[in-house]
Amino acid sequence: MEDLASLLTESRNPRTGHIDQLSTLDMLTLINDEDATIAAAVRAELPSIARAVDEIAARFHNNGRLFYIGAGTSGRLGVLDASECPPTFSVPPTLVQGLIAGGDSALRKSSEKSEDSPEQGAADLAAAGFGQPTTPGAPSSTSLHESEAKAKVGGTPQHVQDVLVGIAASGRTPYVLGAIAHAKKLGALTIGLSCVPNSALAQASDIAITPATGPEVLTGSTRLKAGTATKLVLNMLSTGVMIKTGYVYGNLMVNVQPTNNKLVDRAHRIIAAATGLDIAAAAKLLTAAGSSVKTAIAMQKLNLPRPAAESRLAAARGSLAAALKPIREVEL
């Protein structure tokens, strides 16, 4: 095993060596000062993040999916980001999936031993159906060997459209590295998100995203700065991909499904903002559009009945911006 103490995320922070001797306000100020360095570390990785967003978006257009995999805090953050995509963008839960070492129970109860097995990382990814066409919502029973066999033609890996983001603050978690190796055997795009430059994960992945957040406030506690940086990057990945693939119009979440009072109100406000209608007229239009925000906006902007607006959106692969392109160009 490599010397873990040499890792940037495990090194001791000289600025916080006396943190236990400070007043509460000074202690929190010091933590906040350390947190203030995170955005700059993420900004340095924007070119890599942008490349990842473009690559994932291109694969989404070819029925690809996005998988996150990690252990501990890294795994929980991946599951969190994946879980928030359906309510935010009304996408199926199979489009963005999060896997954590130790399974879903590890979201609440720590399962540290689970992260030490590269074989388990590969097996969990295969069992989730990575790289294989699946029926939405149906559980996969694909084994590791079946997954690799189905992705080969004449012994040569096929190119698959699914994308794997391996998340490990240290960049050396065996569970994550095993999953990355499995994805690469299938010919899939791999992205390594860590906080240690030139880590094993960075070297094993097609795209490395490495915000170097430095030593933690509490030595080795990567749920702090590294965890915050990871969350910021995951926010960018999922939000950026959804914007690039047409789930957003302007800065409006036009794919929202009005399934409760709050979301109905939000849908009315989105329609009003996009069309210039008042709230009452927006509410009436939403009803006429069959509760589809995008259809409602297309109906009003293009002066079309519902069936024609739906056809226009279908031809634009669901992208409201694309469906309205001639109108928007005139307005601009």
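For the structure, check the block above.
Rules used throughout
Residues numbered from 1 in each chain as written. Predicted model: local features only at pLDDT ≥ 70, side-chain atom pairs only at ≥ 80, totals over all residues. Heavy atoms only, no water. Helix = DSSP H or I, 4+ residues; strand = E, 2+ residues; numbered from the N terminus. Buried < 20%, exposed > 50% of the residue type's maximum accessible area, 1.4 Å probe, protein only. Core = buried A, V, L, I, M, F, W, Y, C linked by side-chain atoms within 4.5 Å. Contact = heavy atoms within 4.5 Å. Pairing = 2+ DSSP bridges. Axes fitted to C-alpha atoms, helices over the stretch in contact; angles between N-to-C directions. Expected span 1.5 Å × (residues − 1). Salt bridge = Lys/Arg side-chain N within 4 Å of Asp/Glu carboxyl O. Phe/Tyr/Trp six-rings, centres within 6.5 Å; stacked < 30°, edge-to-face > 60°.

(A) Spatial organisation of the overall build of the protein. A count of helical and extended segments in the protein gives 15 helices and seven strands. Put simply, the protein has 332 residues, and 46% of those count as buried.

(B) Local environment of the nonpolar core. Membership of the largest hydrophobic core comes to 31 residues, with the highest contact counts inside it found for Tyr68, Val96, Ile191, Ile209 and Leu237. Within the residue set of this core, elements represented by two or more residues are helix 2 (38–43), helix 3 (46–60), strand 1 (66–70), helix 4 (72–89), strand 5 (163–167), strand 6 (189–193), strand 7 (207–209) and helix 9 (225–244). Per-element tally for this core: the top contributor is helix 9, with six residues. Residues contacting Ile191, with those up to four places away along its chain left out, are Ala52, Ile56, Val163, Leu164, Val165, Gly166, Ile180, Ser205, Ile207 and Ile209.

(C) Layout of unusual backbone geometry. Residue Ser90 is not a glycine yet carries a positive backbone phi of 55°. Position of Ser90 among the secondary structure elements: in the loop between helix 4 and strand 2 (96–100). By relative accessible area, Ser90 is classed as partly exposed at 22%. Not every positive phi belongs to a glycine, and Asn303 is a case in point at roughly 55°. Looking at the secondary structure, you find Asn303 in the loop between helix 12 (293–302) and helix 13 (306–315). When its relative accessible area of 69% is taken as the criterion, Asn303 is described as exposed.

(D) How the structure looks around the sheet that holds strand 1. As summarised here, the arrangement of the five strands in space is 2-1-5-6-7, forming an open sheet in which the pairing is parallel. Two strands bound the open sheet, and with one partner strand each, they are strand 2 and strand 7. Between one strand axis and the next, the sheet turns through 20° on average, direction left out of account.

(E) Broad picture of helix 7 (residues 174–185). The first and last C-alpha atoms of helix 7 sit 17 Å apart over 12 residues, in line with the 16 Å expected at 1.5 Å per residue. Among the residues of helix 7, those classed as buried are Pro174, Tyr175, Val176, Gly178, Ala179, Ile180, His182 and Ala183. Of the residues one or two after helix 7, Gly187 is the one with positive phi, at around 85°.

(F) View of the pattern of salt bridges. On inspection of all chains with the given rule, the structure shows eight salt bridges. Across the pair Arg15 and Glu34 runs a salt bridge whose closest N-O atoms are separated by 2.7 Å. Note that Arg15 is positioned in the segment before helix 1 (24–35) and Glu34 in helix 1, a separation of 19 residues in sequence. Overall, Arg15 belongs to the partly exposed group, its relative accessible area being 45%. Asp265 is the partner of Arg269 in a salt bridge, and the nearest nitrogen-oxygen pair spans 2.8 Å. Residue Arg269 and its partner Asp265 are located together in helix 10 (residues 261–275), separated by four residues, close to a single helical turn. For Arg269, a relative accessible area of 44% puts it in the partly exposed group.

(G) Local environment of the environment of Leu237. Its place among the elements puts Leu237 in helix 9. Classification of Leu237 by relative accessible area gives buried; the value is 0%. Along the primary structure Leu237 and Val165 are separated by 72 residues, whereas in three dimensions their C-alpha atoms are 9.9 Å apart.

(H) Geometry of the packing of aromatic side chains. In the structure shown here, the tally under the stated rule is one aromatic pair. Between the aromatic rings of Phe67 and Phe130, the centroid separation amounts to 5.1 Å while the plane-to-plane angle is 80°, which identifies the pairing as edge-to-face. A residue pair is termed long-range when its members are at least 10 positions apart, and Phe67 in strand 1 and Phe130 in the loop between helix 5 (118–127) and helix 6 (144–150) qualify at 63 residues. Among the residues examined, Phe67 registers a relative accessible area of 0% and is labelled buried.

(I) A look at helix 9. Taking 1.5 Å per residue as the helical rise, helix 9 with its 20 residues ought to reach 28 Å, and the 28 Å between its terminal C-alpha atoms agrees with that figure. Within the span of helix 9, buried status applies to Lys225, Ala226, Gly227, Ala229, Thr230, Val233, Leu234, Leu237, Ser238, Gly240, Val241 and Met242.

(J) Spatial organisation of the pairing of strand 6. Counting buried positions along strand 6 gives five out of five residues, so the element sits mostly inside the fold. The two faces of strand 6 match: Leu189, Ile191 and Leu193 on one face and Thr190 and Gly192 on the other face are all buried. Pairing geometry for strand 5 and strand 6, over five bridges, is parallel. Within strand 6, the residue paired with Leu164 across the bridge is Thr190. Where strand 6 and strand 7 come together, three bridges link them in parallel fashion. Within strand 7, the position partnered with Ile191 by the bridge is Ile207.

(K) Quick look at the environment of Asp35. By the element assignment, Asp35 lies in helix 1. Exposure remark for Asp35: the relative accessible area of 33% places this residue in the partly exposed category. Each C-alpha atom, one on Asp35 and one on Ala229, is 9.3 Å from the other, the two residues being 194 residues apart in sequence.

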